[in-house]
Amino acid sequence: MTSTSSSEKYDVVIIGGGPSGASAASILAEHGRRVLVIDRDKLPRYHVGESFIPFTYQPLERLGLIPRLKKSHFMKKYSVSFVQPDGKRSQPFYFFNRYDRETIAQSWQVLRSEFDEMLLNNAREKGAEVLEETTVTRLLKEDGVVVGVEIKDKDGNLSERRATITLDCSGKEAFAAVREGWRKRDPYLNKVAVWTYYKGSKREPGIDEGATTVAMIPNKGWFWHIPMHNDMVSVGVVAEGKYLGRDSVRDPQAIFEREIPENKWIEDHLSQGQSTGQYWITSEYSFHASYCASPGLLLVGDALAFLDPVFSSGVMLALKTGVMAGDEVNRGLESGDLSPAHFTEYGAAIRLSVENMRKLVYAFYDPNFSFKDVIKRYPEAAGAITDCLSGDVNRDFSQLWEWVREFAPIPDDLPYGMPMESELTAAS
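This section reports on the structure supplied with the text. (Residues numbered from 1 in each chain as written. Predicted model: local features only at pLDDT ≥ 70, side-chain atom pairs only at ≥ 80, totals over all residues. Heavy atoms only, no water.)

## Remarks on the pattern of salt bridges
Part 1 of the reasoning: With the rule as written, the count across this model stands at 30 salt bridges.
Part 2 of the reasoning: A salt bridge links arginine 124 to glutamate 132, with the nearest nitrogen and oxygen atoms 2.7 Å apart.
Part 3 of the reasoning: Looking at arginine 124, the relative accessible area reads 32%, which means it is partly exposed. (Salt bridge = Lys/Arg side-chain N within 4 Å of Asp/Glu carboxyl O. Buried < 20%, exposed > 50% of the residue type's maximum accessible area, 1.4 Å probe, protein only.)

## Quick notes on the pairing of strand 1 (residues 9–15)
Part 1 of the reasoning: Most of strand 1 sits inside the fold, with five of its seven residues counted as buried.
Part 2 of the reasoning: By the bridge criterion, six bridges tie strand 1 to strand 10 (residues 158–168) in an arrangement that is parallel. Counted as the bridge partner of tyrosine 10 is alanine 163 from strand 10.
Part 3 of the reasoning: Crossover connection from strand 1 via helix 1 (residues 19–30) to parallel strand 2 (residues 35–38): handedness right-handed. (Helix = DSSP H or I, 4+ residues; strand = E, 2+ residues; numbered from the N terminus. Pairing = 2+ DSSP bridges. Right-handed = clockwise from strand over helix to strand, strands pointing away.)

## Quick look at the packing of helix 1 against helix 4 (residues 112–125)
Part 1 of the reasoning: Orientation of helix 1 relative to helix 4, taken along the N-to-C sense of each, is 20 degrees, at an axis distance of 8 Å. The angle between helix 1 and helix 4 places the two elements in the roughly parallel class. Considering how the two elements wind past one another, helix 1 and helix 4 form a crossing that is left-handed. Residue-level contacts link Pro19, Ala22, Ser23, Ala25, Ser26 and Ala29 of helix 1 to Arg112, Asp116, Leu119, Leu120, Asn122 and Ala123 of helix 4.
Part 2 of the reasoning: By residue class, the composition of the contact of helix 1 with helix 4 is seven nonpolar, three polar and two charged. (Axes fitted to C-alpha atoms, helices over the stretch in contact; angles between N-to-C directions. Parallel < 35°, antiparallel > 145°, perpendicular 65-115°, else oblique. Left-handed = near helix turned anticlockwise from the far one by under 90°. Contact = heavy atoms within 4.5 Å. Nonpolar A, V, L, I, M, F, W, Y, C, P; charged D, E, K, R; others polar.)

## Details of unusual backbone geometry
Part 1 of the reasoning: In the segment running from leucine 43 into proline 44, the intervening peptide bond is cis, with an omega of 5 degrees.
Part 2 of the reasoning: With respect to the element layout, proline 44 can be found in the loop between strand 2 and helix 2 (57–62).
Part 3 of the reasoning: Unlike most non-glycine residues, aspartate 143 shows phi in positive territory, near 55 degrees.
Part 4 of the reasoning: As for its position among the elements, aspartate 143 is in the loop between strand 8 (135–142) and strand 9 (145–152).
Part 5 of the reasoning: With a phi close to 60 degrees, aspartate 231 is a non-glycine residue in the positive phi region.
Part 6 of the reasoning: Its location among the elements puts aspartate 231 in the loop between strand 14 (221–227) and strand 15 (232–240).
Part 7 of the reasoning: Its relative accessible area of 38% is what places aspartate 231 among the partly exposed residues.

## Comments concerning the sheet that holds strand 18 (residues 287–289)
Part 1 of the reasoning: Reading across the sheet, the three strands line up as 11-18-21 and stay open at both edges, with antiparallel pairing between neighbours. In this open sheet, the two strands that pair with only one neighbour each are strand 11 (183–185) and strand 21 (305–306).
Part 2 of the reasoning: One ladder, built from three bridges, connects strand 11 with strand 18; its direction is antiparallel. Following the sheet pairing, lysine 184 is matched in strand 18 by histidine 288.

## Description of helix 1
Part 1 of the reasoning: For helix 1, spanning 12 residues, the distance from its first C-alpha to its last is 16 Å, which sits close to the expected 16 Å at 1.5 Å a residue.
Part 2 of the reasoning: Of all 12 residues making up helix 1, 11 are buried, and the element is well covered by its neighbours.
Part 3 of the reasoning: The set of residues buried in helix 1 consists of Pro19, Ser20, Gly21, Ala22, Ser23, Ala24, Ala25, Ser26, Ile27, Leu28 and Ala29.
Part 4 of the reasoning: Buried residues belonging to helix 1 abut strand 1, strand 2, helix 2, helix 4, strand 10 and helix 9 (314–335).
Part 5 of the reasoning: Positive backbone phi, approximately 85 degrees, marks glycine 32, located one or two places after helix 1. (Expected span 1.5 Å × (residues − 1).)

On their own, these measurements won't tell you what the molecule is for.
See the structure below:
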């Protein structure tokens, strides 16, 4: 192993080339900034999380990707529906009943390996430099300020890449939050997921073919069923670890197959076709970082906050925060102010987005809660619930939360996401 220093200086170094990193890189390169994206893998690569919610449209439009998606083979998604354990399916929530049919009323179910590669290539086309198969080994600091990263290439050679500011877009790995001791688990949302892919399984007819289905099982667990192109379906089960791991069962396939009869709609839809044979398992679903920024460092997307995926908000939040980060960093470079305090509004906006969605997730997992009951008592809640589920989460939903609290307790906002400097200054 050899170690070298690099005299190259970038405006921005980005850790991770997933949706948040590629989005931030695209925006910054569009602004004419010198950007380096570093990813440990070679794209395309596998990633779960195939479903887009309607308000993914705005960041995709800003990135210039809507025409490509419209021409793609990705499955069109017009709705989401919920299914009880006995197989009774709700009326689909059609996005076009509330939103413009030509824009956000139709979304997509994507193959993430192809979509993520599309995003990263978009950043390249706009001028961002990309290093793949390269691992970030540590943050470089001088006098407490992050000044870049140390990297290791696939041959084991170490070198440095320095920048005016470093963006952590490392996803659930949360590179900086883990190393800085900022990573905090959600006090309640710590689920386990097991999933696979089926080919040739049953689908709904017509416009509902691409619908996301959330199928409930006892103890507030649930299946996702996400139809994709090439006759593939992403299907997984999420529940408390003590439920899925009962009877000391640890094999992902055995867990998955045991749960199929717990929802009759899932049992019916998987009664034809077959699994592709590979099963995945993951746990500790929700966490957040104490801070969104420190001197020379900004956290973006899942690296800042990762939320239980029941409402498919992950890609939307990653793209949205990536675009926001790109614009905010560019403004800071223009003004000469990249202090943590510069990102106060950025942190507050992300926290509002995540906490609004998090409240709805908490209510969903409460055994006494159902959307139907809330809407029956308060018909005007239907629009607000649809908006929140669709990703229109940067707004005041206080009236909705008053209504929901009559059916289920929901949490107060967690204290996270503000810049480190701001909190230290406030405390002094």
